[in-house]
Amino acid sequence: MKAYDGMYIGGSWRPAAGTDTISVVNPADEQVIATVPAGTAEDVDAAVRAARAALPGWAATPPAGRAAYITALRDLLVARTDEIAETVTAELGAPIALSQRVHVGLPVMVAGSYAELAVTYPFEEKLGNSAVLMEPVGVVGAITPWNYPLHQIVAKVAPALAAGCTIVVKPAEDTPLTARLFAELVHETGLPAGVFNLVTGLGPVAGQALAEHEDVDLVSFTGSTAVGRRIGAIAGAAVKRVALELGGKSANVILPSADLAKAVKVGVANVMSNSGQTCSAWTRMLVHTDQYDEAVELAKAAVAAYAAGDPHDPANRLGPLVNAKQRTRVLGYLEKGVADGARVVAGGPEAPHPTGYYVAPTVFADVTPDMTIAQEEIFGPVVSLLRYEDEEDALRIANGTVYGLAGAVWAGDENEAVAFARRMDTGQVDINGGRFNVVAPFGGHKQSGVGRELGAHGLTEYLQTKSLQL
Ligand code: NAD
């Protein structure tokens, strides 16, 4: 057990203002592995002041100079892959191969994309007799969740740095060790003091203080829709900018002409990855009624490949959930699904291990669109199979939730799938298993959020315009 001290503020690790701590628990064995300081409004204030003081110098640094720091950061992420992956696995429980490939690999690509964008993005545009300048928004308050602990931080810090903003990050309380390690790497790049700051702490204390701080110009939040709503209200009242990346309940629409076996297999893999703790997971699989029974059998077979257990054992493709509260929440949804008449065809509420916050990979059949498990975000390794009668019915079901973050469409012909995807009310759709693209905009329609992350679209969230009429 290691007791970490300090917050990264103004270019160095400073003692926290208070004495409260947060315990970090390894979800695979339920042991406390570390404590970190629980920051207060005082720590947040010190961090915001440091970010404000650093802003003029950083905003005036030419984009190529800013890019050089982002490149250095990317290179350090690559060099320290093993240590970061071990840290993610220790506090999140992700299988070690996933931690290496996705939890470190994805932020490496995102950081690389922003190093490039910083030098290629046109920060000035000519419009008739005007010169339009894209200037940094200012001081950013970033509040991040635990499910992709490094990615969620890099997806905010890299564009903020590229844009010329300074930033204060408040990471999730379950995964502060990855965030601390990231701060150490930022320090190693020699980034000017105060450009990046880290305050660990509880959401309703440190997170809220950051969202409410009058000297923060943009609040960038990723997390639950419930907290996002509060943060949006705080930002609205203060007339400050806000970006919200929230929950999802995405549909995986398998049209009758699709390769059913492939669509079901990839669809199950998409949900099981990261133990189902992915906001954009396709948790609702929509299958034509004539192919439904076959799809159920295919899903049962596919889920059998997801052994749950010790994340360091390469045989296991499923780790635990992040904490006891999430497990209780997910088990509650399993009970609710059964009570509402859905049929468990694989997995179910029985714990696969006596210790660790494991939930068995679960497949629900006979799920109808109005059931709670088809409407609310479960955030666990649970996939629901729904029937549709025809394309219009499939579209109605796909669009029939308050969310609109992601989705998938499968068809024999790409054009057929694209035509369906155009009618979906959602932020991104993978066609016939199209790969994740780190420069494509990521973000939600409806209650899945406001604003976009990644690529040039993500960069513009950190910029504001000034028009000069010449
Ligand atoms: P959460 O909303 O509870 O917490 C997210 C962050 O907000 C944490 O850092 C937390 O400390 C902080 N927070 C909590 N209460 C706060 C408050 N009152 N004021 C300010 N900050 C506060 O969510 P979670 O449980 O950490 O993450 C799971 C949720 O995040 C899921 O709903 C998931 O869909 C969503 N998510 C969305 C995306 C996306 O890009 N759309 C990505 C990942 C996760």
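A short tour of the structure in this document, coming up. This one's a predicted model, so the numbers in the text were calculated from it and none came from an experiment.

Right, let's get into the packing of helix H2 (residues 63-79) against helix H5 (residues 149-163). Between H2 and H5, whose axes approach to 8 Å, the crossing angle comes to 160°. Comparing the axis directions of H2 and H5 gives the class roughly antiparallel. Between H2 and H5 lies a crossing of left-handed hand. Side by side, H2 and H5 meet where Arg66, Ile70 and Leu77 of the first sit next to Leu150, Val154, Ala158, Leu161, Ala162 and Ala163 of the second. By residue class, the composition of the contact of H2 with H5 is eight nonpolar, no polar and one charged.

Let's shift gears to the sheet that holds strand E4 (residues 21-26). With mixed pairing, three strands are arranged side by side in an open sheet as E1-E5-E4. Looking along the sheet, the strands with just one partner apiece sit at the ends: strand E1 (2-3) and E4. On top of the sheet, helix H3 (residues 81-92) reaches E4 and strand E5 (31-37); it is set at about 95° to E4, its chief contact. Where helix H6 (residues 176-189) meets the sheet, it contacts E4 and E5, and its direction lies at approximately 50° from that of E5.

Moving on to the environment of Leu191. Within the secondary structure layout, Leu191 lies in the loop between H6 and strand E10 (196-198). Along the sequence, Leu191 and Val438 sit 247 residues apart, while their C-alpha atoms lie 24 Å from each other.

The next thing to look at is the sheet that holds strand E21 (residues 463-469). Strands belonging to one sheet form pairs held by backbone hydrogen bonds; the direction of such a pair is parallel or antiparallel. The strand order E6-E7-E21 describes an open sheet built from three strands, whose pairing is antiparallel. In this open sheet, the two strands that pair with only one neighbour each are strand E6 (124-127) and E21. In this sheet, adjacent strand axes meet at a mean angle of 25° when their direction is disregarded. Alignment of strand E7 (residues 130-136) against E21, held across seven bridges, turns out to be antiparallel. The partner of Ser130 across the bridge, within E21, is Gln469.

Around the ligand sit 29 residues in total, of which Lys170, Glu173, Ser224, Leu246 and Glu377 are the nearest. Measuring from an oxygen atom of the ligand, one finds a side-chain N or O atom of Glu173 at 2.5 Å. A distance of 3.2 Å separates an oxygen atom of the ligand from a polar atom in the backbone of Gly223. Contact with the protein chains hides 90% of the accessible area of the ligand, taken as 840 Å² for the molecule alone. When contributions to the shell around the ligand are tallied by element, the ones reaching two or more residues are helix H7 (203-212), strand E11 (218-222) and helix H8 (225-238).

Attention shifts here to the pattern of salt bridges. Following the criterion strictly, the structure yields 15 salt bridges and no others. As a salt-bridge pair, Glu188 and Arg80 come within 2.9 Å of each other at their nearest N and O atoms. Note that Glu188 is positioned in helix H6 and Arg80 in the loop between H2 and H3, a separation of 108 residues in sequence. On the basis of relative accessibility, which here comes to 46%, the residue Glu188 falls in the partly exposed class. For Arg80, a relative accessible area of 21% translates into the label partly exposed. Ionic contacts of the salt-bridge type, sharing partners, join the residues Arg52, Asp215 and Asp217 into one network.

Definitions and cut-offs
Residues numbered from 1 in each chain as written. Predicted model: local features only at pLDDT ≥ 70, side-chain atom pairs only at ≥ 80, totals over all residues. Heavy atoms only, no water. Axes fitted to C-alpha atoms, helices over the stretch in contact; angles between N-to-C directions. Helix = DSSP H or I, 4+ residues; strand = E, 2+ residues; numbered from the N terminus. Parallel < 35°, antiparallel > 145°, perpendicular 65-115°, else oblique. Left-handed = near helix turned anticlockwise from the far one by under 90°. Contact = heavy atoms within 4.5 Å. Nonpolar A, V, L, I, M, F, W, Y, C, P; charged D, E, K, R; others polar. Pairing = 2+ DSSP bridges. Near = heavy atom within 4 Å. Polar contact = N/O pair within 3.5 Å; in protein donor to acceptor, adjacent residues only side chain to side chain. Areas by Shrake-Rupley, 256 points an atom, 1.4 Å probe, with all protein chains shown as cover. Salt bridge = Lys/Arg side-chain N within 4 Å of Asp/Glu carboxyl O. Buried < 20%, exposed > 50% of the residue type's maximum accessible area, 1.4 Å probe, protein only.

Any functional reading would require information beyond the geometric quantities listed.
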